[in-house]
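# Examining the three-dimensional arrangement
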Amino acid sequence: MSPETLIELAKEAMTHAYVPYSGYKVGAALLCADGTVYQGCNIENAAYGPTVCAERTAFFKAVYDGHRDFTAIAVCGGKDGVITGFFPPCGVCRQVMREFCTDDFRIYMVGVGDSYQERTLPQLLPDSFDPKKHMKG
Ligand code: THU
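Everything in this summary refers to the structure shown in the same document. Being a predicted model, the structure only gives us computed values, none of them experimental.

On to the site of the ligand, then. Around the ligand sit Ser 22, Tyr 24, Val 26, Asn 42, Glu 44, Thr 51, Cys 53, Ala 54, Glu 55, Phe 87, Pro 89 and Cys 90, and that is every residue in its neighbourhood. The side chain of Asn 42 places a nitrogen or oxygen atom 2.9 Å from an oxygen atom of the ligand. Notes on the ligand: free accessible area 370 Å², of which the protein chains cover 77%. Here the residues of the shell around the ligand sort into 7 nonpolar, 3 polar and 2 charged.

Before going further, it helps to examine the nonpolar core. Grouped together as the largest cluster of nonpolar side chains are 23 residues, with contacts concentrated most on Leu 30, Phe 59, Phe 70, Ile 73, Met 97, Phe 105 and Ile 107. If you list the elements that add at least two residues to this core, you get β1 (24-32), α2 (54-64), β3 (70-79), α3 (91-100), β4 (106-110) and α4 (121-124). In this structure Ile 73 touches Leu 6, Ala 28, Ala 29, Leu 30, Glu 55, Phe 59, Met 97, Phe 105, Arg 106, Ile 107 and Tyr 108, once residues within four positions along its chain are discounted. Formed by 12 residues, the second largest nonpolar core is a distinct cluster that contains Ala 10, Met 14, Leu 31 and Cys 76.

This part covers the pairing of β1. Sheet faces and side chains relate simply in a regular strand, where the side chains alternate between the two faces. By the criterion of burial, β1 is predominantly enclosed, with 7 of the 9 residues buried. Of the strand pairs in this sheet, β1 and β3 are connected by 9 bridges, and their pairing is antiparallel. Counterpart to Ala 28 in the pairing with β3 is Val 75. Pairing between β1 and strand β2 (residues 37-41): 5 bridges, direction antiparallel. Note that in β2 the partner of Ala 28 across the bridge is Gly 40. Taking the residues between adjacent antiparallel strands as the criterion, β1 and β2 are bridged by 4 residues, where Gly 35 takes a positive phi near 95°.

Conventions adopted
Residues numbered from 1 in each chain as written. Predicted model: local features only at pLDDT ≥ 70, side-chain atom pairs only at ≥ 80, totals over all residues. Heavy atoms only, no water. Near = heavy atom within 4 Å. Polar contact = N/O pair within 3.5 Å; in protein donor to acceptor, adjacent residues only side chain to side chain. Areas by Shrake-Rupley, 256 points an atom, 1.4 Å probe, with all protein chains shown as cover. Nonpolar A, V, L, I, M, F, W, Y, C, P; charged D, E, K, R; others polar. Core = buried A, V, L, I, M, F, W, Y, C linked by side-chain atoms within 4.5 Å. Buried < 20%, exposed > 50% of the residue type's maximum accessible area, 1.4 Å probe, protein only. Helix = DSSP H or I, 4+ residues; strand = E, 2+ residues; numbered from the N terminus. Contact = heavy atoms within 4.5 Å. Pairing = 2+ DSSP bridges.

Note that all results are geometric; they support no functional claim without further evidence.
Rendered as structure tokens:
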């Protein structure tokens, strides 16, 4: 699947965001190794702490369904769903990517119009705590 197609699915996912507190809508589209795509949006909470990001919504949906191998994720976001710049996943979501993804996992940070920036996981999370190195034999 092309980055462009994955990005369109992330933009569609953004419309599902539940954001009564920040008004900041985020969408993600996660590509599994078998070609399946899982979409996610951010889901906020009145107690703030339980809020979950779009990326983790997508990952947890996929993992629940049995997926463990992932190829790429596209992420976009903006106040009221209006994209004004490249969207960088938060640190917690980067660590969740580290749990399941290898170093060649691609992150497409969506920007204005057709623009996007492509990163690998080590670029976004250098010197990471990697379960494959530190937790498993
Ligand atoms: N958010 C995400 O969905 N993903 C990120 O990587 C960073 C932040 C959400 C959480 C909250 O609902 C809103 O964006 C503003 O922080």
